[in-house]
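# Tertiary structure, described
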Amino acid sequence: MIFERQQFVNQLIEHIGNNMIKVVTGMRRCGKSYLLFELFHNYLLSHGIAEDHLIEIRLDNRLNMELRNPDVCLKYIVSRIQDEKQYYLLMDEVQLMDEFEDVLASCLQIKNLDCYVSGSNSHLLSSDIITEFRDRGDEIRLFPLSFSEYMKAFPDKSWDAAWSEYSTYGGLPHTLQIADEKGKIKYLKDLLKKTYLKDIVDRYKIKDEAPLGRLLDILCSSIGSLTNPKKLEDTFKSVGRITLTDATIKQYIDYFEDAFMLNKAERYDVKGKRYISTPLKYYLSDVGLRNARLNFRQIEETHLMENIIYNELIYRGFGVDVGVVEVYERDGEGKQTRKQIEIDFVVNNGSNRYYIQSAFALPDQEKIAQEERPLKALDDSFKKIVIVKDDILLRRNEDGIVTMGLRQFLTDPNSLDL
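We now turn to the structure provided with this report.

Calculation criteria
Residues numbered from 1 in each chain as written. Predicted model: local features only at pLDDT ≥ 70, side-chain atom pairs only at ≥ 80, totals over all residues. Heavy atoms only, no water. Helix = DSSP H or I, 4+ residues; strand = E, 2+ residues; numbered from the N terminus. Rg over C-alpha atoms; globule rule 2.2 N^0.38 Å. Buried < 20%, exposed > 50% of the residue type's maximum accessible area, 1.4 Å probe, protein only. Contact = heavy atoms within 4.5 Å. Areas by Shrake-Rupley, 256 points an atom, 1.4 Å probe, with all protein chains shown as cover. Lys, Arg positive; Asp, Glu negative; His and termini not counted. Charge placed at Lys NZ, Arg CZ, Asp CG, Glu CD. Salt bridge = Lys/Arg side-chain N within 4 Å of Asp/Glu carboxyl O. Pairing = 2+ DSSP bridges. Axes fitted to C-alpha atoms, helices over the stretch in contact; angles between N-to-C directions. 1 Å grid on protein atoms, 1.4 Å probe; cavity = no way out; pocket = protein on both sides within 12 Å on 5 of 7 lines; lining within 4 Å. Points joined across faces, edges and corners; volume = space filled by probe spheres on them. Nonpolar A, V, L, I, M, F, W, Y, C, P; charged D, E, K, R; others polar. Arc of directions from axis to C-beta. Phe/Tyr/Trp six-rings, centres within 6.5 Å; stacked < 30°, edge-to-face > 60°. Lys NZ or Arg CZ within 6 Å of the ring centre and 35° of its normal.

### Comments concerning the overall build of the protein
- Within the protein, the secondary structure is distributed over 16 helices and 13 strands.
- Computed over its C-alpha atoms, the radius of gyration of the protein comes to 23 Å, within 12% of the 22 Å expected for a compact globule of 418 residues.
- Expressed along its principal axes, the backbone C-alpha trace of the protein runs to roughly 85 × 50 × 45 Å.
- Split into buried and exposed, the 418 residues of the protein put 52% on the buried side.
- Long-range contacts, defined here as pairs at least 24 residues apart, represent 66% of the contacts in the protein between residues at least 6 apart.
- As displayed, the protein has an accessible area near 19900 Å², and 46% of this comes from carbon and sulfur atoms.
- Computed over 57 positive and 67 negative side-chain charges, the separation of the two mean positions in the protein equals 4 Å.

Below, the structure written as structure tokens:
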């Protein structure tokens, strides 16, 4: 099965020959190797680059264990360069090599070598590569397959069938290639236990995996809910069997973020134009992993839809926050009170901004008013959108608020500007 991933291939193409380290980041098994060693490899060959001018190193392959030694690896790279023509270095899971920053710094000094590397740990890559090379390192973030990429792979599926499968099993490429339900479930559960959690336990030398797993359970169960380490500490205390301090919880959440499993959305006071430090919202990078962690027991479409909308916005390159807007209302005694209400997503791209509400259904006028209320409280002219699960024709009311169906939002890359 071929996944085009053209958006990310184009990003690599745009950075060819720019004298920078191109760093492809993303969670394990989201397709970084496929992007580099299949799609980009084939692009280079189709544009006249000879096979022997592609230096490919997969550090997660045990056959290349000796190349995890930085000196051995650098000597191997230099030995492959036999003439003055352009060479391309494609290296996978670079974080498995000690002192990889020094190796890449040396590679930058080879005039006819263009470097592309991938990694599955954001802390190592962001803090070391991007900081080390400052304006000489480009990060290209790869995500699991978006819904529109999924639909391209299965063009004959109906919308309902595609949504049901995608919102249940997610968009990790190999999951889509497994035909039977039992196989998908086993793959996702094994991936969580034997790859993601094991990576974190091994990398950070965690002695007891149980609290880490329990924290992941809680975060998966409460996607899209406001929380912070202190609230999570109280949740652990209420359970009783396992306790974690808020400092340890924060550290563990950082580990999940570093492994690209988890993304956070900060709260933004729209009228005050400032960030509110806590609480935050967390979303899983792939809903299939979330569902597998909960043994497919909590398949609430409302929360899954919100998570998938968030992932789609991040996939499109937007910055995404949770909006807070203050309104004034009168209580039962007629006194005016101040209240904060929430906008699901404040979406930014340069000077462009969109306010988005995720509403699974709008069955009556009361629900419509509830979803539109925070949007009507805004006093700027940026676009305001409500996304509903139903496949409806786009409509715009007298307040300029757009309501569109989830299908249109996910499958039309220009849906926010309609």
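Structure's up, so let's keep going.
### Some details on the pattern of salt bridges
- The final tally for this structure, using the stated rule, is 26 salt bridges.
- Between Glu-93 and Arg-28 there is a salt bridge, with its nearest N and O atoms 3.8 Å apart. Of this pair, Glu-93 sits in the loop between β3 (87-92) and α4 (100-108) while Arg-28 sits in the loop between β1 (21-25) and α2 (32-46); the two residues are 65 residues apart in sequence, bridging distant segments of the chain.
- In the salt-bridge network here, residues are joined through shared partners; they are Arg-28, Lys-32, Glu-93 and Asp-199.

### Considerations on the sheet that holds strand β13 (residues 401-405)
- With respect to topology, eight strands assemble into an open sheet ordered β7-β6-β8-β9-β10-β11-β13-β12, the strand pairing being mixed. Across the chains shown, the open sheet's two edge strands, defined by having one partner strand only, are β7 (274-284) and β12 (395-396).
- Note that β12 and β13 share two bridges and pair antiparallel. Across the sheet, the residue bridging to Arg-396 is Val-402, located in β13.

### Regarding the sheet that holds β3
- Read across the open sheet, the five strands follow the order β2-β3-β4-β1-β5; overall the sheet is parallel. Edge positions in the open sheet fall to β2 (54-58) and β5 (137-141), since each of these has one partner strand only. Neighbouring strand axes in the sheet, compared pairwise and without regard to direction, differ in orientation by 15 degrees on average.
- As paired strands, β1 and strand β4 (residues 113-119) are joined by four bridges and run parallel to one another. Looking at β4, one finds that Val-23 is bridged to Val-117.
- Strands in contact with α4 are β1, β3 and β4; relative to β4, the strand with the most contacts, it is inclined by about 155 degrees.

### Overview of empty space enclosed by the protein
- Counted by the stated rule, this structure contains three cavities of 30 Å³ or more.
- Each pocket or cavity is described by its volume, and for the largest cavity that value is around 160 Å³.
- In this structure, the largest cavity is lined by 16 residues; those nearest its centre are Pro-144, Leu-145, Tyr-166, Ser-285 and Asn-311.
- Tallied by class, the residues present in the lining of the largest cavity amount to eight nonpolar, six polar and two charged.
- Quantified by volume, the second largest cavity comes out at close to 40 Å³.
- What lines the second largest cavity is simply Arg-28, Ser-120, Tyr-196, Asp-199, Arg-203 and Ala-259.
- Looking at the lining of the second largest cavity, its residues break down into two nonpolar, one polar and three charged.

### Some thoughts on α4
- For α4, the complete set of buried residues consists of Phe-100, Glu-101, Val-103, Leu-104, Cys-107 and Leu-108. Take α4 and look down its axis: the buried residues cluster within an arc of 160 degrees, on one side only.

### Comments concerning the packing of aromatic side chains
- Here the structure, examined in full by the defined rule, presents 19 aromatic pairs.
- Ring centres of Phe-318 and Tyr-354 lie 5.9 Å apart, and the angle between their planes is 75 degrees; this geometry places the pair in the edge-to-face category. Of this pair, Phe-318 sits in the loop between α14 (301-315) and β8 (319-330) while Tyr-354 sits in strand β10 (residues 352-359), placing them 36 residues apart in sequence.
- Here the aromatic cluster, defined as three or more aromatic residues joined through ring pairs, consists of Phe-147, Tyr-150, Phe-154, Trp-159, Trp-163 and Tyr-166.
- Arg-316 extends its terminal NZ or CZ atom over the ring of Phe-409, reaching a point 4.8 Å from the ring centre.

### A word on unusual backbone geometry
- In the segment running from Thr-278 into Pro-279, the intervening peptide bond is cis, with an omega of 0 degrees.
- One non-glycine residue, Glu-93, adopts positive backbone phi at about 55 degrees.
- For Glu-93, a relative accessible area of 4% puts it in the buried group.
- Positive phi values are uncommon outside glycine, yet Glu-99 reaches one of about 55 degrees.
- Its place among the elements puts Glu-99 in the loop between β3 and α4.

### Description of the layout of surface pockets
- When its volume is computed, the largest pocket comes out at roughly 450 Å³.
- Surrounding the largest pocket, 25 residues form its lining, Gln-7, Ser-148, Lys-152, Tyr-315 and Pro-413 being those nearest its centre.
- Every element with two or more residues in the lining of the largest pocket is listed here: α1 (6-14), α6 (147-153), α14, β10 and α16 (406-411).
- The element best represented in the lining of the largest pocket is α6, accounting for four residues.
- Of the residues assigned to the lining of the largest pocket, the class counts are 10 nonpolar, eight polar and seven charged.
- Its volume calculated, the second largest pocket comes out at about 380 Å³.
- Along its surface, the second largest pocket is lined by 15 residues, and Asp-344, Gln-357, Lys-367, Gln-370 and Glu-371 are the ones closest to its centre.
- At the level of elements, α14, β9 (336-349), β10 and α15 (365-376) are the ones that each hand at least two residues to the lining of the second largest pocket.
- For the lining of the second largest pocket, the leading source of residues is α15, giving four residues.
- Split by residue class, the lining of the second largest pocket holds five nonpolar, four polar and six charged.

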